[in-house]
Each structure stands twice: as structure tokens, then as C-alpha cells.
Amino acid sequence: MLASKTRALVEDALFQVLDNSVFRILAVVVLLPILFFFVVGFHPDEVSLLWGTWSWSWNDIGLTTPDARSKAIDTVLSILIDGLGGVFGVLFCIAATAFFVPRMIEKGAADLLFHKPISRAAFYFSRYLAGLFFVSILSTILIAGVFAGLALVSRHVEPGIFWSTLTLTYVFTIIYSFCMLVGVVTRSTVAAILLTVLFWFFNSCVHGGWSMMEMSREIGPFVQVEDHEADSDGADETLEVDDRPALLRWLHTSLYVGHLILPKTGDAGVLGHKLRQAVSPPVYEDIDAAFRIERIPSDWTRLPAGDVQPGHPALAAELGEVVLAAASDAGAVTVVRRRPLETSSRTFPSGRVLERKEKLSGAYDDLLEALGEGEPVDGWTEFPSFGYDENAGLPRLDAANARATFLAGERAIEVGLMRRGDWIYSFELQRPLESPPDEVYAFVEALDVSPVQSDWYEQRFRAGAPLAYNPTYSVLSSLAFALLLLALGAWRLSRIDF
Amino acid sequence: MTSDLLIEIDGLEKTYRRGFGKGFPALRGVSLSVGRGSVFGLLGPNGAGKTTMLKCLLGLVRPSGGSAKLFGQPIGKTQPLERLGYLPEAHRLPGYLTGRQVLTLYGMYSGRDKAWLNARIDGWLDRVGMLTAADEKVKTYSKGMMQRVGLAQALIHEPELVFLDEPTDGIDPVGRAVIREIVAELKQKGVTIFINSHLLMEVEQICDRAVILVNGQIAREGTMAELTPESGRTTFTIAGQRTDLEAMVAPLGENFVGDERGFGLDLTQEQQDAVVDRLRAGGVSIMSISRRKLSLEDTFIDLVKEDRA
């Protein structure tokens, strides 16, 4: 008997979705991005239209890096799936499913349903599941179609995009719970759509606002860096004092509380990216230092650490262990190394002990000294930069960067230093003198070293992070919020006299 | 022990509230019992509380006071709901389903197996005259077609107790006759039927008991015979024409009205016998005597007028 009732709920939901004209329209709309990947081919050397009828080299369309193809695919996927699908797709799906509850509780329809020996909550949740079914079908069609198009036409297999089915449905799971609640309270489809869009917008503002204030707090002008008890040898201990106006502090706290409580729909994109990485993990990742190398360019080969010959004997001693090395077909070699920052402590007469961390400038000076006979390569500019670089935008996040170029025998060597967490990471780029510098730079660009400053939130969004950045908390608190809304909706429905 | 009473209502009250006001009392302490196998009429003017009473029993409306039982179990339990069918007034079937799908899904909601239902659906669709349109979407149906499918969904799972709220609303005369037949068949099978209708003639034809609700209270309850008593008005038709009739019989009753074919009088049975004796003794040839009964409509209107007065 229970099986019959459950089956009826499922079939009813299915019929409601399949008969929905908006569903059918969306199913057709979803075919457009799929069609795009079937007619546009992303090949190693070129991009083609209509299976080679027209084709353009990557250089022709302004993409000069060796990994232009991957970047182009990533960008298009990001626009189509995370952008159009994650925002407009979900909005359309809300518009298409918002009527489920108001129509169910219309006078006449409610009488027919709610006198049946099934709880109103069961009907309510079945309508909710119908909505999720609606979205999961569409997102599965979209993702599977894109996957097939990429695999068949571009010969590019990207299994990680299947996670997007889950993240698109996840966003809808949260947003639709609100839509359902509004539907049951107002009994109006129009109100349900409008208020849901407003809620989503408000939600995004809270999270975006909080994230922006957090980022600004770290780098912005309102944090005064006071050099307490500074001594002559330049200890870089600092004490951050938040002297922002009270209103701003109150706003920041409110946004923080809002971020913790409200469902974090914006995290879905970050989650999707993380999940895709789980399928195609980066070649190197240091989570604590938030340093990641996504992939090695296609025309380079990874070298075992033991096979690496440093361009200069001092480099191995100064720059530490090899974490990644690769050689290009043209004879260039890149070596990524890291070593811990040196720390020392100083005790002041007051008894206060300050820990001092090595500056990148010191490391750079030591490196130049060790290189000794190295001299700059003609035509290359040596431009070390230390500490804060106002033009970089987010200097404190990016830590300090330094770069040196010199000649070692027949090869040009470029060394870049970066301070990441408690480490100094370095790139050693060796190339034959005849190789143009652009090739080396292109390689570095193609390495896709993350994080970049725009990934500020994503850097912090990882397992074990504080609640505000914790993926587990993000998902659980968002789902708990959605469950609370659903419970409220079901309770409200149970109190209505029809 | 299984009770023969399918419905037991004791002091049922419902007050609809809006905001913080006193609210509108739709039911004011209604008490009623309905036994197995009867066809029960629920009558009353608009706003009398008929639909509210049904909805309280079906769990669609929460009572403000009193208690009620279905199949011996307090209302609000799901188990008794499996044994009843309901055709709401002005119902709205889901437009995305076909007539056949409505019967399948709503039957399954009542706990019936799909195969069991499939074996019966065509029969019911045929019975209500909807077999040919069974696979069309409900959104294309006319009001009468919706009503027919609605009736079938109330009966498809073979309930023991059926609530029909204005079952003939929007149905043509042929369809009404079919519904009367269906109700008669159900009664024969021992199904208890609760009919809420404004069509008093129909209720009089179909029901064997009825309750008349006025202003949220039971104004009258009884069998059809009890609710449609003889009025006492007796009409005599005589052969030929007599001018002395009034003088002969008027003192025996009240409200004498004569015409060329005879006369009418308000009489008890004894008075009627005395009038016959007097007429026969006077040599009057009596062609017919008819005593007029009150219709359900008369009773209903009298009760409503009394209440308004």
C-alpha cells in the first residue's frame, strides 16, 4: 500500500514535469550549447568550425600560449556551464517550477489531494523532488551533451565536468526550498518567482559583500600597520589594528553572521571547480601555502627530480628541494623548488618575544651573492620587486615576488622567487640562448600557477579551514537552511484550512 | 468490536478566523451519526456549514471544537481515509494528467495497486461516459467531463464511504440519471453515501435520510418520510356540480376553497373520514380524494424562513 502511494507521488511528479511546456522549451535551449561543442572543434593547433570547413590557428585568434586549447575550453565551459547554466539556467528553472506548490494548493485541487491518506508534507516534498528532478534532467542533458561534443569533435575528455550536474542541482536545491516556502505562504506563483530572485540576489550580496570586506581587511587601506617597538635592523613584526568606523565594523560583522547562516549558493561554483580538480588533480599542490600548479604544457615533459641539472650549482643550495621539473621539446627546462622561510626570534627588554620571518629581499640578495659570476643577459631587464607593489592590486595576498636573470655558459637562466605561506618557492627557467624569451614566459603562463589574486576566496575555501571558508560547513549549513525552509513550508501547509 | 456507525460527530465546531477578530462560526456544535449502508443527504442554505462539516471529517479543515470519528477512529488519522472517496465541489483535476491517469494516480493515492486499478479503470470510465476521452488531457475537458472523471476518481478504489459534494453540478439530465443509478447501485452494495446538494428534488429521490443545517446547526434530521410529512390539505373531486358543498363540509375542517370540480380542506384523518360520511349521506358522488405531502423543498424553505424570522 505504501509502495502504491509512493509510486503515485513519483509518477505524479514525473507527469507534472514532462507536461511542463517550459521544461520542453528549456530542453531545446539546452541543446544550443551542446550543438556549439559539436560544431566547434578545439584542436591542439587550431580551432575549427563545422568539422574543419573553417579553421583558425590559436595564434590567429590571439591565443599565443602553448596551452591555448585548454584555456579556451576552460573559458567556454566556465561561461556556458557556470555562467549561463548556473545563473540563467537556474532562474529559468525556478520560473518553470514555481507554480508547482501554488497550483497544488489552489481551491479544488487541494481538496482532491489532501483528503487522500497521504500527509500533506509528503505531497509537499514530492513537489520539491519534482523540481529537483526537473533540474537534474536538464543539467544532465547539458553536461552529457557537452562532454560528448568535446570528446567526439575536439578529442578532449573532461570527466570532471560531470560534477557540474551535481553543483547545478545543488544550487537549485537551496533556492527552490525558498521558492516552495513562498509558494505555500503566498499561494502565488508570481510572488514565489519574484521573492526567490530577490532572496538569491540578497544572498549573493551578503556573501559577495562579506568576501569583499574580508579581502579588503587584509589588504585595504583601513588597516593600519603599526610598527611597534621597531628596531634598527628592520624586524617586520607588525600589529594589525582595526580602526575602521564603527558602522563599517558592524556591517562587516553582520555580513559575516549572514555568510555563516545563509545558504552559500555562490560556493557551488568553487565547489564545482574543486570537484573537477579531484577528477583532474593539479600536478602539484601545497594546500597550506595555497600554491598550486594546475598542469604542465602539452609540449613539455615532466622530469624526475633526480634528473634535474641546476643551471648553477648555487641554485640547488639556495632554493631547496625540487617539487617539479619539466623539459620542453626546444631544450628549455623549468625547475620549481621550495625551501622554508628562515625564522629567528628577538627578545625585547620588556620581555616580549617577537618572531621574525625572513624577507624575500634577503633571500634574493643571498641568491645574487651565491650566483656570483652570473651576469644579466643582454636584452633582458632585471627588475626585482620586493614587498608591497601597489600596482599589483593585492600585494599582501601575493606576498613578495622577485626575479633575476643571468647567463650561465650557453644558457640563459631566469630565477623567480615567491613567498607563499611559510615557504619560498622559486622558478628556475633555463633556456638555450637562441630561444626567444617569449617561449619561456609562455611556458610560465601555461603552467597555470595558481592561485592568482582573483582566486582569493577559492584559496581559502578548503577542508580544515575556519567555518567561513570550510566546504563541509558550507554544504551542510546550506542544506540545513534549505531543510529548515522546507520544514517551515510543510508546517505552514499543515495549518491551512482548505 | 466494529461499530456500525461510520460517522460519529459530537459537538463539532469550526470558527474561521481572520486576524484578531472573533471570526465567523461556520459550525456550532453539530452532532450526528451515520450508519452503514445509508444514503445521507446534507442540506442547507449557502453558508450553513455543509462543506465545512465534510471538510472537517476529511481532514481538510481543522475543527475548533468537538470531536468526530470515521470508522470508529478519530478524524485526522490516515487509515480511515483509505476507505472513503470524495468528490469535492468545484474540484480542479490536474490539467497535466489524462482522465485515465487521474483515476490511476488518485486510486494509488488511496492505496490501491496499479494492476488492480487498471483492471477497473475502463469499466468506471465507461460507466461515467468518459471512455472515449480517457486519454485526453484533463485541461481539454469541459466542466461536465471534469465532473464525471471526478466522480469516477471518488469511486475507483471501491470505498465504503463516499462523500459527494454537489455531484450533479454541471452534468446534463442524462448524466444526472446515470449518477442516480450509480448511487443506487452503491447503496445496494452497502456503500454509505453522503450527498451534499442544493438540488432538493434529487436528494429526495436518492437519499433515505437527510440532515438540514442552518446557520452552522442542525435544524432538522430524519428519514425522507419524516422530512416530507403530509400537509393535511385534502382535495376532493366530485361528480357533477353542487352549490351546497361549503355548507355541508366547511364546518368539519379549515380553509375551505371550492371550485367547479370539487373543493379543498385542511383535515386530519378523522376529519377526512367524517367529510366522506357527510358527502355520501348528502348523495354526493366522490370521484377522487388526494392528500398533499410536503416536499423536501417546502420543509427546507420553512426551516430557513423560521431561522431568518
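Criteria and thresholds
- Residues numbered from 1 in each chain as written.
- Chains lettered and ligands numbered in written order.
- Predicted model: local features only at pLDDT ≥ 70, side-chain atom pairs only at ≥ 80, totals over all residues.
- Helix = DSSP H or I, 4+ residues; strand = E, 2+ residues; numbered from the N terminus.
- Rg over C-alpha atoms; globule rule 2.2 N^0.38 Å.
- Buried ≥ 20, exposed ≤ 12 C-beta atoms within 10 Å, placed from the backbone.
- Contact = placed C-beta atoms within 7 Å.
- Nonpolar A, V, L, I, M, F, W, Y, C, P; charged D, E, K, R; others polar.
- Core = buried A, V, L, I, M, F, W, Y, C linked by C-beta atoms within 7 Å.
- Expected span 1.5 Å × (residues − 1).
- Pairing = 2+ DSSP bridges.
- pLDDT = per-residue confidence, 0-100.
- Axes fitted to C-alpha atoms, helices over the stretch in contact; angles between N-to-C directions.
- Bend = angle between axes of the 7 residues up to and from the residue.
- Left-handed = near helix turned anticlockwise from the far one by under 90°.

Each helix and strand in chain B was counted, giving 10 helices and 14 strands. In terms of overall size, chain B is more extended than a compact globule, its C-alpha atoms giving a radius of gyration of 25 Å where 309 residues would be expected to give roughly 19 Å. Over its C-alpha atoms, taken along the principal directions, chain B stretches across nearly 75 × 50 × 40 Å. With 309 residues in all, chain B has 41% of them scored as buried. Here the analysis covers contacts within chain B between residues at least 6 apart in sequence; of these, 69% occur between residues at least 24 apart.

The interface is formed by 22 residues belonging to chain A together with 28 residues belonging to chain B. Elements supplying a minimum of two residues to the side of chain A that touches chain B: α1 (2-18) and α5 (109-114) of chain A. Broken down by element, the residue count for the side of chain A that touches chain B peaks at eight residues, all from α1 of chain A. Grouping the amino acids of the side of chain A that touches chain B by side-chain chemistry returns nine nonpolar, four polar and nine charged.

With 143 residues, the main nonpolar core has Ile 175 of chain A together with Ala 152, Val 162, Ile 193 and Ile 195 of chain B as its most contacted residues. Per-element accounting of this core gives the leading share, 14 residues, to helix α7 (residues 163-186) of chain A. If near-sequence neighbours (up to four positions away) are discounted, Val 162 of chain B is found in contact with Leu 84, Gly 85, Ala 154, Leu 155, Leu 186, Val 191, Ile 193 and Phe 194 of chain B. Counting residues in hydrophobic clusters, the runner-up holds 26 residues, among them Leu 319, Val 415, Leu 417 and Ile 424 of chain A.

It is worth spelling out the environment of Asp 298 of chain B at this point. Position of Asp 298 of chain B among the secondary structure elements: in helix α10 (residues 296-308). Asp 298 of chain B sits 252 residues away from Asn 46 of chain B along the chain, and the two C-alpha atoms are 17 Å apart.

For the rest of this paragraph, the subject is the environment of Ala 148 of chain A. With respect to the helices and strands, the residue Ala 148 of chain A is situated in helix α6 (residues 120-153). For the pair Ala 148 of chain A and Ile 34 of chain A, spaced 114 residues apart in the sequence, the C-alpha separation amounts to 8.4 Å.

What follows is about α6 of chain A. With 34 residues, α6 of chain A extends 49 Å from end C-alpha to end C-alpha; this agrees with the ideal 50 Å at 1.5 Å per step. One or two positions beyond α6 of chain A, positive phi appears at Arg 155 of chain A, with a value near 55°.

Time to look at the environment of Tyr 106 of chain B. Residues and elements named next belong to chain B. Structurally, Tyr 106 can be placed in helix α2 (residues 99-109). Its 27 C-beta neighbours within 10 Å are what place Tyr 106 among the buried residues. Spatially, the C-alpha atom of Tyr 106 lies 35 Å from that of Ala 219, the residues being 113 residues apart in sequence. Filtering out sequence-adjacent residues up to four positions away, Tyr 106 remains in contact with Gln 153 and Ile 156.

Right, let's talk about the pairing of strand β6 (residues 84-87) of chain B for a bit. All names here are of chain B. The alternating pattern of β6 places Leu 84 and Tyr 86 on one face and Gly 85 and Leu 87 on the opposite face, and all of these are buried. The pairing of β6 with strand β7 (residues 161-165) spans four bridges and is classified as parallel. Residue pairing in the sheet places Gly 85 in a bridge with Val 162 of β7.

Quick look at the confidence of the model for chain B now. Of the residues in chain B, 99% reach a pLDDT of 70 or more, and the chain-wide mean stands at 89. The lowest-confidence element of chain B is α10 of chain B, averaging 80 in pLDDT; the highest-confidence one is α2 of chain B, averaging 95.

Right, let's talk about the sheet that holds strand β5 (residues 73-74) of chain B for a bit. Residue and element names in this part refer to chain B. Across the sheet, which stays open at both edges, the four strands sit in the order β2-β1-β4-β5 with antiparallel pairing between neighbours. Sheet topology places β2 (24-35) and β5 at the edges, where each strand pairs with a single neighbour. As paired strands, strand β1 (residues 5-16) and β2 are joined by nine bridges and run antiparallel to one another. Following the sheet pairing, Lys 14 is matched in β2 by Leu 27. Packed on one face of the sheet, helix α1 (residues 50-58) meets β1, β2 and β4 (65-70) and runs near 115° to β1.

Turning our eyes to something else, we now look at α7 of chain A. Residues and elements named next belong to chain A. Compared with the 34 Å implied by 1.5 Å per residue over 24 residues, the 35 Å span of α7 between its first and last C-alpha is a close match. Helix geometry: α7 is bent most strongly at Ile 175, by close to 25°. Taken across its 24 residues, α7 has 21 buried, putting it largely inside the fold. Phi for Arg 187, located one or two positions after α7, is positive at around 60°.

Take unusual backbone geometry next. All names here are of chain B. Here Glu 166, not a glycine, exhibits a phi torsion of approximately 50°, which is positive. Inspection of the secondary structure assignment puts Glu 166 in the loop between β7 and α5 (173-188). For Glu 166, a count of 20 C-beta atoms within 10 Å puts it in the buried group. Phi is positive for Asn 215, close to 55°, though the residue is something other than glycine. Topologically, Asn 215 is positioned in the loop between β9 (209-214) and β10 (217-223).

At a closest axis distance of 7 Å, the pairing of α1 of chain A and α2 of chain B adopts a crossing angle of 145°. Between α1 of chain A and α2 of chain B lies a crossing of left-handed hand. For the pair formed by α1 of chain A and α2 of chain B, the contact residues are Ser 4, Lys 5, Arg 7, Ala 8, Glu 11, Asp 12 and Phe 15 of chain A on the first element and Gln 101, Leu 105, Met 108 and Tyr 109 of chain B on the second.

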